[in-house]
Amino acid sequence: MDVIVNKFQESDATFSYEIRFDSELVEKIRSLQNVWKREIEHNNPSAVGAPYFMSPMVGELISDEIFPRCKEQFQKISNKMIEQVDTKVVSVLYRVTVWDTYQLISRNAKIVTKIFEENSDLKNEVNLRWICTGAGVAERSLITLLKERGEYKDVRGVTTDISAAAILVAACNLEMMNIEDEKPLINVRIVFGSVPTSLRNRPNTLVLQIDDAVISLEREIEDNIKYDAFLADNALPYFTREEGRAMLSSAVKLVKSKGIIQALGLNKNMFVKIPLTNKLKAIFNTNIKQEYNKLMDEKQKKLDKEYQHGYRHIYIKNKKGIIIQVISEGAIEMFSWIREYLTKFNLDYAMKLMKMVTIGTGLSSWGKYVQTNTVESYRDLLELLLNTNYSVIDCPGEDSDWKDMVLSTFTIVLE
Ligand SMILES: C[S@@+](CC[C@H](N)C(=O)[O-])C[C@H]1O[C@@H](n2cnc3c(N)ncnc32)[C@H](O)[C@@H]1O
């Protein structure tokens, strides 16, 4: 099993790189994914309509074998040193394995797909712009949905991350998307710095750009580049408010009329730390479904309006305000799924799922790095759009709403 790195000469005397898997690796990934597909269909129905899924075994294969080999080969071919991958990036790769942590990304990708469906100006080509690629989860989700529709013959775009290691993980994740479909959905090319014109004009190509997001967007305004959507998944919270505002200001200039500006991000200091005792209680509670549904219905009755996010959940907090229990459809399915494995003495799978829950809830610990809440970015965007017509498709809601959300989202369409 091996990873192959190819190098291409581009216009502007630059190079681009692509990651490929050999046939043995392709077969291994396909077979692990097929096994997991059946497990999901049986145990995790909420996740069945998601843009994609990933077996935890494939996640381990990427982090333990594919990424290290990819890094080694890439360094050799590109002559550039690549840093060790941040554990945060590996965690975001895994987020698709836990429905509660993936469902808002999945929902956002579906919102974009639906808006595009209603945009009669979009014919063959869709041009997309993401920032802060991480493991490429948002990119893979949306490209999969758009390609599934079969309507857009040419889906292209750019996504930027300052970390070369994150870009390599994303390249592996996106190559995974290509091999799962018999026909590759999109060409994935890695570049350092500016995007060469030859790649920008290449149909069905996603450029993974290693660069600073703030600077790369400003450069694109000078080059008069235009996109159908600007997508910031888990990006804006990690910048200062001024930097975030600068990127949103660039987005307003880069997005065409009828184009989309969408964001999703963690809120400050919303920590989920489910103690092992609570996990075990949930796993061994055979009435979990009835009890959780009853609690959610009671809460729904008390609420005079539903969360904008349509995400039915209750957070139970301890005295320090840390979330120690999540009551949701995803949690019911996850804990019942673990119980199913335990009762069948499938300890290996049970432990893998427990690990996924720990990684998934651990994502919230980044709340301590949040500099700007998504609702603040939303308000900045509205200010930037004061003299522009737009419609709000999804907003973070009132303070009382978003204060009880680990993640907040917004989607705006320019007119
Ligand atoms: C939370 S992770 C990304 C998440 C990803 N979009 C997702 O939703 O899974 C944040 C990413 O932002 C990247 N990042 C941080 N500062 C950046 C900058 N100035 N320009 C571009 N990327 C940056 C980090 O390297 C990291 O991969």
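The structure presented is a predicted model; accordingly, all values stated were derived computationally and were not measured.

Rules of the game
- Residues numbered from 1 in each chain as written.
- Predicted model: local features only at pLDDT ≥ 70, side-chain atom pairs only at ≥ 80, totals over all residues.
- Near = placed C-beta within 6 Å.
- Helix = DSSP H or I, 4+ residues; strand = E, 2+ residues; numbered from the N terminus.
- Nonpolar A, V, L, I, M, F, W, Y, C, P; charged D, E, K, R; others polar.
- Core = buried A, V, L, I, M, F, W, Y, C linked by C-beta atoms within 7 Å.
- Buried ≥ 20, exposed ≤ 12 C-beta atoms within 10 Å, placed from the backbone.
- Domains from an automatic or database assignment.
- Contact = placed C-beta atoms within 7 Å.
- Axes fitted to C-alpha atoms, helices over the stretch in contact; angles between N-to-C directions.
- Parallel < 35°, antiparallel > 145°, perpendicular 65-115°, else oblique.
- Left-handed = near helix turned anticlockwise from the far one by under 90°.
- Pairing = 2+ DSSP bridges.

## Some thoughts on the site of the ligand
Stage number 1. Taken together, 19 residues form the shell around the ligand, and within it Cys 132, Gly 134, Ala 213, Asp 233 and Asn 234 come nearest.
Stage number 2. Elements supplying a minimum of two residues to the shell around the ligand: α3 (87-94), α5 (137-149) and β4 (154-161).
Stage number 3. Its residues placed into classes, the shell around the ligand shows 11 nonpolar, 5 polar and 3 charged.

## Structural notes on the nonpolar core
Soluble globular proteins tend to pack their nonpolar side chains together in the buried interior.
Stage number 1. The biggest cluster of nonpolar side chains holds 115 residues, and the ones touching the most others in it are Ile 167, Leu 168, Val 169, Ala 171, Cys 172 and Phe 230.
Stage number 2. Residue contributions to this core peak at 12 residues, all from helix α6 (residues 164-180).
Stage number 3. Each of two domains, domain 1 (3-267 + 372-414) and domain 2 (276-368), supplies a minimum of three residues to this core.
Stage number 4. With residues up to four places along the chain from it excluded, the contact list for Leu 168 reads Phe 67, Cys 70, Lys 71, Phe 74 and Ile 82.

## Some points on the domain arrangement of the chain
Stage number 1. We note that the domain assignment places domain 1 (3-267 + 372-414) and domain 2 (276-368) within the chain.
Stage number 2. On a C-alpha basis, the centroid separation for the pair domain 1 and domain 2 is 27 Å.
Stage number 3. With 26 residues of domain 1 at the interface, the matching set in domain 2 holds 24 residues.
Stage number 4. Here the side of domain 1 that touches domain 2 is composed, by residue class, of 10 nonpolar, 10 polar and 6 charged.

## Digging into the packing of helix α9 (residues 241-254) against helix α14 (residues 374-384)
Stage number 1. It is the contact of α9 with α14, at a shortest axis distance of 10 Å, that shows an interaxial angle of 45 degrees. As judged from the angle between their axes, α9 and α14 are oblique. As for how α9 packs across α14, the hand of that crossing is right-handed. Only Glu 376, Ser 377, Asp 380, Leu 381 and Leu 384 of α14 make contact with α9, whose side of the interface consists of Arg 241, Gly 244, Arg 245, Leu 248, Ser 249 and Val 252.
Stage number 2. By residue class, the composition of the contact of α9 with α14 is 4 nonpolar, 3 polar and 4 charged.

## A look at the environment of Leu 168
Stage number 1. Considering the arrangement of structural elements, one finds Leu 168 in helix α6.
Stage number 2. By C-beta crowding, Leu 168 is classed as buried, having 28 other C-beta atoms within 10 Å.

## Thoughts on the pairing of strand β10 (residues 323-328)
Stage number 1. As defined by bridge partners, strand β9 (residues 313-317) adjoins β10 across 5 bridges and the pair is classed as antiparallel. Pairing of Tyr 315 across the sheet is with Val 326, part of β10.
Stage number 2. In this structure, the hairpin formed by β9 and β10 is closed by a connection of 5 residues, where Gly 321 is found at a positive phi of approximately 85 degrees.

## Looking at the packing of α5 against α6
Stage number 1. Two numbers describe how α5 lies on α6: the axes approach to 10 Å, and their chain directions differ by 20 degrees. Taken together, the axes of α5 and α6 are roughly parallel relative to one another. Classified by chirality, the crossing of α6 by α5 is right-handed. From α5, Glu 139, Arg 140, Ile 143 and Thr 144 reach across to α6, where they touch Ala 170, Asn 173, Leu 174 and Met 177.

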